[in-house]
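# Working through the structure, step by step
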Amino acid sequence: MQPTHHDPERDPVLAGALRDAYGPVPEIDFDRLRGTILAQAEMPLARARRDQRARPASRFRAWVPLAAAAGVAGIAFTLAVHPGADRPRHVSEADRQQVEQILDESVPDLSQLVSGQTGGDEMLNAAIGS
Amino acid sequence: MSTAGTSAAVELPFRATPAPAPDDEPALVERVRGGDAAAFETLVNRYMRRAFAVAYRLMGQKEDAEDLVQETFMAVLQRIGTFEAGRPFAPWFFRILVNRGLNARKARSLRTVDEIPESTAAHGPTPEREAERTELRDRLRTAMAALPARQRVIVELFELEGFGGPEIAEILEISDGTVRWHLHEARKTLKKALAPFERSS
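Residues numbered from 1 in each chain as written. Chains lettered and ligands numbered in written order. Predicted model: local features only at pLDDT ≥ 70, side-chain atom pairs only at ≥ 80, totals over all residues.

All right, on to the overall build of chain B then. Each helix and strand counted, chain B has nine helices and zero strands in total. In chain B, the succession of α and β elements from N to C terminus is α-α-α-α-α-α-α-α-α. Within chain B, the fraction of its 201 residues that count as buried is 35%. If you take every contact in chain B between residues at least 6 apart in sequence, the share linking residues at least 24 apart comes to 73%. (Helix = DSSP H or I, 4+ residues; strand = E, 2+ residues; numbered from the N terminus. Buried ≥ 20, exposed ≤ 12 C-beta atoms within 10 Å, placed from the backbone. Contact = placed C-beta atoms within 7 Å.)

Spelled out as structure tokens, the structure:
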């Protein structure tokens, strides 16, 4: 940090007297100190690396229940909006007329049955298509 | 202030103000967070010597200072997850070191005044002068030891290790004004202790 205008003024005389009283910082074997620090740091650093590797998987794990819930919600939504999706939903006018025509031709009118103009057996045979 | 017997010490060059933190420091810290040993080694190389100097001022013995530096780097690894990205690393690092140093000093009831190595003895030209300087040093150490812990550490960081006022404020988590006030009070006390040695040049 560079000195700023907020820095108190230096007192070189006092600083000198203090240095004289306390002496210089002794030289030590910094290579040895560095080696000791790095050796001690191996385990914590290894743990940090393991945690780092585990982090994406754990993030993914957190999404699994959400994804499952979203899937269930999606299926429920689809069923709610399109109930009976396996049934035909659109019958054209031409198809409807064709179906009615076939029915008219094959199934005797109920009034004919009631009036006795058509027998029950005929009606049943017509219904089963024989 | 004018003190007799300190002329040799006054000639000592002022310790250069700490260089500003390199731009790569946030990236280095981030890599250390991920367990990158090379990044950690870079930080160790960058801060080890300065950390030792501060630790030595705090502890007064090089073995204790070495222990403190080691403990500080281990504490950095333990707490790196809590380090606020984007903040400067140096004040955070030295805050850990100074706090641990102060706690250790308190716990061990260290009296630095008794632990100054003999190698610091000055080479006075005459026995009288030498005796006077020895007395001056003793008085100064005694006065320093009697300072409140916070004032003492401020003097050590500012006068002996060349830290700036704002940097000390950040390390100790106090305001610039409080640092200036403590420094002022400490200087007053120390000058009082040295008053008998004052000469009118």
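With that settled, the discussion passes to the overall build of chain A. Helix and strand content of chain A: five helices and zero strands. Moving toward the C terminus, one meets the helices and strands of chain A in the order α-α-α-α-α. Of all 130 residues assigned to chain A, the portion counted as buried reaches 12%.

Turning our eyes to something else, we now look at the nonpolar core. All names here are of chain B. Ranked by size, the top nonpolar core spans 58 residues in total, and within it Ala-55, Leu-97, Ile-154 and Ile-168 carry the most contacts. Take this core: its biggest share by element is eleven residues, from helix H3 (residues 37–59). Each residue touching Ile-168, except ones within four places of it in the same chain, is listed here: Ile-154, Leu-157, Phe-158, Phe-163 and Val-179. (Core = buried A, V, L, I, M, F, W, Y, C linked by C-beta atoms within 7 Å.)

The next thing to look at is the packing of helix H6 (residues 127–146) of chain B against helix H9 (residues 176–194) of chain B. Residues and elements named next belong to chain B. For the pair H6 and H9, interaxial distance at closest approach is 9 Å and the crossing angle is 150 degrees. The angle between the axes of H6 and H9 places the two elements in the roughly antiparallel class. Pair H6 / H9 crosses with right-handed handedness. Contacts between H6 and H9 involve Leu-136, Arg-139, Leu-140 and Ala-143 on the former and, on the latter, Thr-189, Leu-190, Ala-193 and Leu-194. (Axes fitted to C-alpha atoms, helices over the stretch in contact; angles between N-to-C directions. Parallel < 35°, antiparallel > 145°, perpendicular 65-115°, else oblique. Left-handed = near helix turned anticlockwise from the far one by under 90°.)

Attention now moves to the packing of helix H4 (residues 62–79) of chain B against helix H5 (residues 89–108) of chain B. Residue and element names in this part refer to chain B. At a minimum axis separation of 9 Å, H4 and H5 run at an interaxial angle of 130 degrees. Here H4 is positioned oblique relative to H5, judged by the angle of their axes. Between H4 and H5 the crossing geometry is right-handed. Along its contact with H4, which presents Leu-68, Glu-71, Thr-72, Ala-75 and Val-76, the element H5 presents Phe-93, Ile-96, Leu-97, Arg-100, Gly-101 and Ala-104. Of the residues belonging to the contact of H4 with H5, the class tally is seven nonpolar, two polar and two charged. (Nonpolar A, V, L, I, M, F, W, Y, C, P; charged D, E, K, R; others polar.)

Here H4(B) spans 25 Å end to end across 18 residues, near enough to the 26 Å set by a 1.5 Å rise per residue. Of the positions making up H4(B), those classed as buried are B:Ala65, B:Glu66, B:Leu68, B:Val69, B:Thr72, B:Phe73, B:Val76 and B:Leu77. (Expected span 1.5 Å × (residues − 1).)

Okay, the environment of B:Glu170 next. Within the fold, B:Glu170 resides in helix H8 (residues 165–172). Distance from B:Glu170 to B:Phe94, taken between C-alpha atoms, is 9.4 Å for residues 76 residues apart in sequence.

Attention now goes to H9(B). For H9(B), spanning 19 residues, the distance from its first C-alpha to its last is 27 Å, which sits close to the expected 27 Å at 1.5 Å a residue. For H9(B), the full list of buried residues reads B:Val179, B:His182, B:Leu183, B:Ala186, B:Leu190 and B:Leu194. Down the axis, H9(B) shows its buried residues gathered within 105 degrees of arc, on one side only. Within H9(B), the exposed residues directed more than 90 degrees away from the buried face are B:Gly177, B:His184, B:Lys188 and B:Lys192. Buried positions along H9(B) lie against helix H1 (12–22) of chain A together with H6, helix H7 (149–160) and H8 of chain B. (Arc of directions from axis to C-beta.)

Before going further, it helps to spend a moment on the confidence of the model for chain B. Residues and elements named next belong to chain B. Per-residue pLDDT for chain B averages 82, and the proportion of residues at 70 or more is 79%. In this model residues 1–17 is a low-confidence stretch, pLDDT under 50, and it forms 47 contacts with partners more than four residues away in sequence or in other chains. Predicted complex metrics record ipTM = 0.76 and pTM = 0.66. (pLDDT = per-residue confidence, 0-100.)

Residues and elements named next belong to chain B. When you line up the elements, Ser-175 lands in the loop between H8 and H9. Under the C-beta neighbour-count criterion, Ser-175 is labelled exposed, with 11 such atoms within 10 Å. With ten residues separating them in the primary sequence, Ser-175 and Gly-165 have C-alpha atoms 9.2 Å apart.

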